[in-house]
Amino acid sequence: MGTINNTAGTVARAAAVIVIFTGLSKILGFIREMVLAYGFGAGAATDAYLVALTIPGIIFAILGGALAAGAVPLFTSFRSRWGEDEAWRLFSAMITFLLVVLTGFTLAGEPLARQLVWLITPGLPEETAVLAASLTRIVLPSVIFLALGNIYYGLLNANGIFGPPAFSSVLTNVLVIGGLVLGMKYGIVAAAWGVLSGYAAAFLLQVPYMRGVGFRYRPVWDLKHPGMLEAWQMLVPVLISSGLGQIYLIIDRILASGLPEGSITALNYAQKVAMLPQGMLAVPLATAIFPALAERAVAESEEDFARALTRGVSLILVTTLPLAVLVLVLARPTVELLFMRGAFDERAAVMTTLALAMFAIGLVGQCVNPLMTRGFYARQDSVTPLKCGVVAIGLNLVLSLILIHPLKHAGLALANSLAATFNVFQLGWRLSRASGGQVSFSGIGRDVGMTVVAAAVCGLAAWACDAVLAGMVGMGTVGAFIRVAVAGSIGLVVFGTVAWFLRVREFVALVEKGVGVLQRRPSTGSVN
């Protein structure tokens with residue numbers, strides 16, 4: 001029991017640290033998008049800038065995301081079998097291989113930047129495509145820092161260090177914002193240099209902490225080591241799965257490049273807003289619980305593994321479902337509050353609002369997916385998420401082709417949401433089968449239903465309140481702030497009240513735990 005309590009405490013502390021820094025990073029991320037919207041609006045320059053970021057972003061998501069997710073179970077397994085020194089040596093070999101591959105890609109990609117832009121946005125106007133290619137040449141080396149930074153992120157997490165890697169994204173956003181501010185005077189090229197410097201700084205920040213946990217990088221080329229073979233057997237499917245995940249983005253870029261100017265930018269702004277709960281709640285929780293899941297999987301403690309995973313899913317649902325509903329019903333005032341100034345005009349606001357409403361529909365699915373996927377990775381099963389990803393990508397493509405005609409760019413957002421939601425169900429079904437029924441979500445079925453009811457009432461209350469306020473406070477930033485703050489607060493209060501009376505277990509547990517912490521706080525100085 002003591003071990004379970006200690007683990008729960010470690011997860012809670014880790015989650016708190018990650019939530020704080022992730023929250024700060026997301027706030028800065030919104031400031032970044034607001035600065036971009038203020039300085040450049042939603043036009044050719046922003047389309048070119050976002051296309052340039054897409055290419056290293058895809059490479060980062062394929063390599064960096066997979067390595068960050070794979071580092072925790074691999075390091076835990078290597079250390080338990082061969083000792084810490086050999087585990088570090090193996091990761092030196094992996095980093096050496098990555099450096100060779102990524103440096104080669106960067107050197108080859110520089111002269112081929114125009115062709116790379118054409119591959120992902122074939123419908124982009126020539127002038128915009130040329131600008132995108134020049135920006136791509138600047139940001140392309142960032143793939144090296146992104147990938148290495150993410151593998152360091154995972155290794156630090158595996159060694160119980162959560163704060164510095166979580167803070168790295170804060171540092172990145174500060175430098176990117178600085179680049180955008182300079183870009184208002186010197187052009188969008190300055191913003192691209194800000195991106196490169198931001199990712200380089202995020203990597204360098206983690207280097208001394210890696211030395212602190214005992215890692216000393218030494219160039220090692222040992223691809224035939226049994227641990228290396230095991231790592232690639234696990235990581236190759238993860239890499240492919242991560243790559244498939246990026247096809248969502250590639251599909252949007254390719255199809256949106258043939259839509260009216262500003263469509264790519266509107267999708268970008270909307271997705272940044274819609275994914276805020278994922279970044280601030282779901283990913284920190286999944287990241288914090290991942291080492292515990294990996295330890296339980298290695299120890300073959302199936303019951304504890306199932307309990308931790310299902311509680312995590314339940315917690316994500318009860319915290320993100322009301323937020324998804326509020327994002328949907330308050331899409332317009334949210335867009336006005338965040339972006340409606342400077343070069344961001346009414347046309348851009350309408351386009352972004354439509355996309356945001358469609359992304360909100362899939363927000364819960366996007367939030368649950370990271371934890372479900374990590375459930376497989378903790379079991380060193382990277383093939384099943386890959387299979388599920390293939391199915392989800394196929395569904396996303398079909399839906400995009402169907403919905404783009406009546407809904408334009410909003411159809412692409414809706415297709416993404418529906419495919420992400422479907423992926424949650426297939427991941428859950430396969431995880432239950434893989435665990436022999438130990439991982440079962442039927443036990444939280446009632447709570448899910450009651451959470452849906454509470455979220456629906458929350459949405460109705462927020463919608464009615466916003467309708468009244470819209471006629472009272474008028475347009476502008478202040479009016480939008482009042483609408484979002486008041487209607488959103490009323491919606492959350494209504495959700496909490498309904499969830500409490502319906503006795504949604506995870507919500508009641510959260511409230512009781514919070515009350516318990518507040519009641520104990522005055523007596524913390526007393527020790528018996």
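Refer to the preceding data block for the structure.
A few points on the structure. The structure displayed is predicted, hence computed values, not measured ones. (Residues numbered from 1 in each chain as written. Predicted model: local features only at pLDDT ≥ 70, side-chain atom pairs only at ≥ 80, totals over all residues. Heavy atoms only, no water.)

A closer look at the packing of helix 10 (residues 263-274) against helix 14 (residues 346-361)
Step number 1: Relative orientation of the contacting elements helix 10 and helix 14 amounts to 45 degrees, with a least axis distance of 8 Å. With respect to helix 14, the element helix 10 is oriented oblique. In this structure, helix 10 meets helix 14 at a crossing whose hand is right-handed. Packed against helix 10, whose contacting residues are S263, A266, L267, Y269, A270, Q271, V273 and A274, the element helix 14 presents M351, T352, A355, L356 and F359 at the interface.
Step number 2: Across the contact of helix 10 with helix 14, the residue classes tally to 10 nonpolar, three polar and no charged. (Axes fitted to C-alpha atoms, helices over the stretch in contact; angles between N-to-C directions. Helix = DSSP H or I, 4+ residues; strand = E, 2+ residues; numbered from the N terminus. Parallel < 35°, antiparallel > 145°, perpendicular 65-115°, else oblique. Left-handed = near helix turned anticlockwise from the far one by under 90°. Contact = heavy atoms within 4.5 Å. Nonpolar A, V, L, I, M, F, W, Y, C, P; charged D, E, K, R; others polar.)

What to know about the environment of V478
Step number 1: Within the secondary structure layout, V478 lies in helix 19 (residues 477-501).
Step number 2: Given a relative accessible area of 61%, V478 falls into the exposed group.
Step number 3: A sequence separation of 141 residues divides V478 from L337, and the C-alpha atoms of the two residues are 7.8 Å apart. (Buried < 20%, exposed > 50% of the residue type's maximum accessible area, 1.4 Å probe, protein only.)

Section: a nonpolar patch on the surface
Step number 1: Judged by side-chain polarity, L328, I361 and L418 come together as a nonpolar surface patch covering roughly 230 Å² of accessible area.
Step number 2: You can see I361 is positioned in helix 14.
Step number 3: I361 gets classed as partly exposed once you look at its relative accessible area, which sits at 42%. (Patch = residues over 30% accessible without salt bridge, like charges linked within 9 Å, V, L, I, M, F, W, Y side chains within 5 Å. Areas by Shrake-Rupley, 256 points an atom, 1.4 Å probe, with all protein chains shown as cover. Salt bridge = Lys/Arg side-chain N within 4 Å of Asp/Glu carboxyl O.)

Re the packing of aromatic side chains
Step number 1: Per the stated rule, a full pass over the model turns up 10 aromatic pairs.
Step number 2: Seen from their ring centres, Y152 and F215 are 5.9 Å apart, and the 75 degrees between their planes marks the pair as edge-to-face. You can see Y152 sitting in helix 6 (residues 142-158) and its partner F215 sitting in the loop between helix 8 (188-212) and helix 9 (226-256), a full 63 residues away along the chain.
Step number 3: Relative accessible area serves as the criterion here: at 7%, Y152 is assigned to the buried category.
Step number 4: Aromatic pair Y269 and F339: ring centres 4.9 Å apart, planes at 25 degrees, arrangement stacked. Here the residue Y269 occupies a position in helix 10, and F339 occupies one in helix 13 (residues 331-339), the gap between them amounting to 70 residues.
Step number 5: What makes Y269 buried here is its relative accessible area of 0%.
Step number 6: Sitting over the face of the ring of W500, R503 holds its NZ or CZ atom 4.6 Å from the ring centroid. (Phe/Tyr/Trp six-rings, centres within 6.5 Å; stacked < 30°, edge-to-face > 60°. Lys NZ or Arg CZ within 6 Å of the ring centre and 35° of its normal.)

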